[in-house]
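Residue-level structure breakdown
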Amino acid sequence: MNGLLALIIALLPVLGLLLGLILLDSYKLVPLRSAVAMIVAGALVALLCYLILGAWLEAGTLTAVELSHYVAPWIEEIAKGVLVVWLIRTAGIGFLVDATIYGFAIGAGFAVVENLSYFLLLETTEVGFWIVRGFGTAVLHGGTVALVAVTARFLADRTGSELRWSIYVPGLLLAVFIHSLYNQFLVSPRTSTVIVLLALPALVFVVFRISEAATRDWLGIGFDTDCELLELINEGRITDSHVGGYLETLRDRFPGRAIADMICLIRLHLELSIQAKGLLIARQSGFEVEPSADFEAQLEELRFLERSIGRTGMLALRPIFNVDSRELWQVQLLLNRR
């Protein structure tokens, strides 16, 4: 019975917090299957780190204490951070809300494997030890990755690019600092657990709420703007917009056919963007809406136009919309609904 209680304390707190974040997301930005996939990915990262740190310990160059204080935080946070980089660069993360959930899911998967390994190797059922592991260390892993993801997404929005490595550095350094400080137990393990349990989840939930408000504002402004511009394009009055003015400056650099393809691409992106925003608004109101019947055809046309315009033309369109960021994220959102 004590063993079962220890296992519950070791695993449920971090998974419970993750479930709470998913349920709080009124826009349902992260499908459950995607959250589970990130838990599994975090678990695999934990196994990799276990092998690396185990080999390092066997080499005898550092003591277990030195490895825990100064090396493990770097290796573990960088390994978890690689998944964050991949998500952001492949348009898997579009807002701070899903950055928080995905980051916490990665950390939760990592924590589950780490605590399971401790449970099997140490064979201790002392409740106090597992309270520290389950409510302290496990929550720490979830919180630090969430901080890396949120910080990177925030800086990507500010700089307009997910390709700069510098956007990932501040969050990573903060995560390593917190992790290293925790491992050094400058106060008692139980006090450290209380601090982590009070500070990190509170910070994550505050960021989450602020993010939801920002998403709501973006939806309201973005939906109206997209509809107005699409109406101008459909009526043949694109020259009345700032987009039309910018396209006029490209006429000397690109042939007429390329400009026409650019206008078609903008129109298609707007249609998909409006669909995605409508889906989010419906979700927030408690309704589930499927993409339009011609979504597959729209997606195929999108790919054709991107190939036709070419890399140079796509680069020229970046001032109009960032094709590497939320535009792609919105298409991904629709794909997840199929």
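Above this text is the structure in question.
Throughout what follows, the structure given in this document is the object of discussion. Bear in mind the structure is a predicted one, so any value in this text is a computation, not a measurement.

1. Concerning empty space enclosed by the protein
One pass over the full model with this rule turns up one cavity of 30 Å³ or more. Approximately 30 Å³ is the volume attributed to the largest cavity. What lines the largest cavity is simply Thr100, Ala146, Leu147, Val150, Val204 and Val207. If you list the elements that add at least two residues to the lining of the largest cavity, you get helix H5 (127-159) and helix H7 (189-234). Top contributing element to the lining of the largest cavity by residue count: H5, with three residues. Split into classes, the residues belonging to the lining of the largest cavity amount to five nonpolar, one polar and no charged.

2. Overview of the packing of helix H2 (residues 32-59) against helix H3 (residues 64-89)
Each pair of packed helices can be described by the angle between their axes along with the distance between the axes. One way to put it is that H2 packs onto H3 with a least axis distance of 10 Å and a crossing angle of 145 degrees. Considering how the two elements wind past one another, H2 and H3 form a crossing that is right-handed. From H2, Met38, Ala41, Gly42, Val45, Cys49, Ile52, Leu53, Trp56 and Leu57 reach across to H3, where they touch Ala64, Leu67, Val71, Ala72, Ile75, Glu76, Ala79, Lys80, Leu83, Trp86 and Leu87. Considering only residue class, the contact of H2 with H3 consists of 17 nonpolar, one polar and two charged.

Procedures and definitions
- Residues numbered from 1 in each chain as written.
- Predicted model: local features only at pLDDT ≥ 70, side-chain atom pairs only at ≥ 80, totals over all residues.
- Heavy atoms only, no water.
- 1 Å grid on protein atoms, 1.4 Å probe; cavity = no way out; pocket = protein on both sides within 12 Å on 5 of 7 lines; lining within 4 Å.
- Points joined across faces, edges and corners; volume = space filled by probe spheres on them.
- Helix = DSSP H or I, 4+ residues; strand = E, 2+ residues; numbered from the N terminus.
- Nonpolar A, V, L, I, M, F, W, Y, C, P; charged D, E, K, R; others polar.
- Axes fitted to C-alpha atoms, helices over the stretch in contact; angles between N-to-C directions.
- Left-handed = near helix turned anticlockwise from the far one by under 90°.
- Contact = heavy atoms within 4.5 Å.

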